[in-house]
Amino acid sequence: MIKCIAIDDQFSSLAGLQKYIEDTPNMRLVQQYTDPITALRELAGSETVDVIFMDVEMPQISGLELAKAIRSRTRKLIFTTSHQEYAFDAFEAAGDAYLLKPYSYAKFATTITRLFGLEMTGGANEDYFLVKNKEEDHRAVMVKYEDIIAFESFHNYIKIHTVGKVIIAYLSLKDVREQLSIKNGFIQLHRGYIIAIDKILYVDGNRITMNNHISFTVGDIYYNEFKNFISERLIISSRKK
């Protein structure tokens, strides 16, 4: 169980963070503070926890100053703030990560996964991410990259087609490209789809069909990339007809 502490003078920020932690498997919020002075007094001699989430701008003492006093009380330190200009200072203060408010659950989960890896699942494959599934009352579910067939744009959501089920998440394909590890093994050949290359069933002209039988025609703006993709992988005989 990953034990967490949250320090933020804004109640709304604490409430949002608490919900993210509750929705994440193997995480527990053990204490939260809105007063950094109280946090300093109580944490100075406390037991070490796994992660402290700390706002930067707080009254009386800033998160950057507080971090110097309590950094030894946590394995990982994640700064949270609405001001991007504090990013460099956060890392100078021995921060392990930086979340710019307002941050999505996907960004939160990706950060936690990067920092804790196998601990998130008690030793399972770390090649995964967490996402809230609309079809399961927005519970956070584990998705392995190896199980993904395609990401499909779906109104204000996306459908994540996997070998076992379809997950509906409040994300965009832009979120997928920017926040997930899809550089290797995935390709976008249509504005509405990002697909797993190893889950392609067949290609007929410029139409692609996946192994779960969803199919689409390659978009015009992706045609050159599609042509390169095919030419690099299509095996043809060198014999003359």
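Quick look at the structure, then. This structure is a prediction, so every number in the text was calculated from the model and none was measured. (Residues numbered from 1 in each chain as written. Predicted model: local features only at pLDDT ≥ 70, side-chain atom pairs only at ≥ 80, totals over all residues. Heavy atoms only, no water.)

### Quick notes on the sheet that holds strand β8 (residues 148–154)
The test is simple: Here, a strand pair is defined by DSSP locating no fewer than two bridges between the strands. Numbering of helices and strands runs from the N terminus; a helix is a DSSP stretch of H or I covering at least four residues, while a strand is a stretch of E covering at least two. Axis definition: a line fitted to C-alpha atoms, limited for helices to the stretch in contact. Angles are taken between N-to-C directions and run from 0 to 180 degrees.
Read from one edge of the open sheet, 5 strands run β10-β9-β8-β12-β11, paired in antiparallel fashion. Of all strands in the sheet, those bounded by a partner on one side alone are β10 (166–169) and β11 (186–190). The sheet shows a mean angle of 20° between the axes of neighbouring strands, direction not considered. Examined bridge by bridge, β8 and strand β9 (residues 157–162) share 6 bridges and lie antiparallel to one another. Of the residues in β9, the one forming a bridge with isoleucine 148 is threonine 162.

### Concerning helix α5 (residues 105–116)
Filter applied, for reference: By this rule, a helix spans an expected 1.5 Å times one less than how many residues it contains. Relative accessibility thresholds used throughout: buried, under 20% of the residue-type maximum; exposed, over 50%; partly exposed, between the two (1.4 Å probe, protein chains only).
Helix length check: α5 (12 residues) gives 16 Å between terminal C-alpha atoms against 16 Å at 1.5 Å per residue, within 8%. In terms of burial, α5 is largely enclosed, as 9 of its 12 residues are buried. The set of residues buried in α5 consists of Tyr105, Ala106, Phe108, Ala109, Thr111, Ile112, Thr113, Leu115 and Phe116. At the exit of α5 stands glycine 117, carrying a positive phi of roughly 50°.

### A word on empty space enclosed by the protein
Take a probe with the size of a water molecule and roll it over the atoms, and the empty space left behind shows itself. As a reminder, the rule being used: Buried and open spaces are told apart on a 1 Å grid over the protein atoms alone, a cavity being a set of points where a 1.4 Å probe fits but cannot get out and a pocket being an open set with protein on both sides within 12 Å along at least five of seven lines. Residues with an atom within 4 Å of a point are the lining residues. Grid points are joined across faces, edges and corners, and a volume is the space filled by probe spheres set on the points.
With the rule as written, the count across this model stands at 1 cavity of 30 Å³ or more. Within this model, the largest cavity holds a volume of roughly 30 Å³. What lines the largest cavity is simply Ala106, Thr110, Phe129, Leu130, Val131, Leu171 and Leu180. Breaking the lining of the largest cavity down by element, the ones donating at least two residues are α5 and β6 (128–133).

### Observations regarding the nonpolar core
To keep it simple, the criterion reads: Think of a nonpolar core as a cluster: buried Ala, Val, Leu, Ile, Met, Phe, Trp, Tyr and Cys residues, connected wherever their side-chain atoms sit within 4.5 Å. Between two residues, a contact is recorded if the distance between any of their heavy atoms is within 4.5 Å.
Met27, Phe53, Ile78 and Phe108 are the most contacted members of the largest nonpolar core, which totals 22 residues. Sorting the residues of this core by element identifies β1 (2–7), α1 (11–22), β3 (49–55), β5 (97–100) and α5 as the ones contributing at least two each. The element best represented in this core is α5, accounting for 6 residues. Beyond its immediate chain neighbours, meaning those up to four positions away, methionine 27 contacts Met1, Ile2, Cys4, Ile21, Phe53, Phe108 and Ile112.

### Focus on the packing of aromatic side chains
Given two aromatic rings, one states the distance between the centres and the angle between the planes to describe the pair. The condition that has to hold: Here a Phe, Tyr or Trp ring, Trp counted by its six-membered ring, pairs with any other such ring whose centre lies within 6.5 Å, and the pair is stacked when the planes are under 30 degrees apart, edge-to-face when over 60, and tilted otherwise.
Following the criterion strictly, the structure yields 10 aromatic pairs and no others. Arranged with centres 4.9 Å apart and planes meeting at 15°, the rings of tyrosine 193 and phenylalanine 216 form a pair that is stacked. One end of the pair, tyrosine 193, is in strand β12 (residues 193–196); the other, phenylalanine 216, is in strand β15 (residues 215–217), and 23 residues separate them in sequence. For tyrosine 193, a relative accessible area of 13% translates into the label buried. Between tyrosine 223 and phenylalanine 226, the aromatic rings sit 6.4 Å apart at their centres with planes inclined by 50°, giving tilted as the arrangement. Here tyrosine 223 and its partner phenylalanine 226 are both found in helix α7 (residues 223–233), 3 residues apart, which amounts to about one turn of the helix. Tyrosine 223 gets classed as partly exposed once you look at its relative accessible area, which sits at 42%. Among the aromatic residues, those joined into a cluster by ring pairs are Tyr20, Phe53, Tyr103, Tyr105 and Phe108.

### Quick look at the layout of surface pockets
Formally: Residue type decides the class: Asp, Glu, Lys and Arg count as charged, Ala, Val, Leu, Ile, Met, Phe, Trp, Tyr, Cys and Pro as nonpolar, and the leftover types, Gly among them, as polar.
For the largest pocket, the calculated volume is near 420 Å³. Together, 21 residues line the largest pocket, and Lys107, Thr110, Thr111, Gln179 and Leu180 are the ones closest to its centre. Every element with two or more residues in the lining of the largest pocket is listed here: β5, α5, β6 and α6 (173–179). Top element by residues in the lining of the largest pocket is α5. It accounts for 5 residues. Taken together, the residues of the lining of the largest pocket break down into 9 nonpolar, 6 polar and 6 charged. By volume, the second largest pocket is sized at about 260 Å³. Tyr105, Lys132, Ala169, Tyr170 and Leu171 are, among the 16 residues lining the second largest pocket, the residues nearest its centre.

### Considering the sheet that holds β15
With antiparallel pairing, the 3 strands of this open sheet are ordered in space as β13-β14-β15. A single partner strand is all that each edge strand has here, and the edge strands are β13 (200–204) and β15. Each neighbouring strand pair of the sheet contributes to a mean axis angle of 15°, computed without reference to strand direction.

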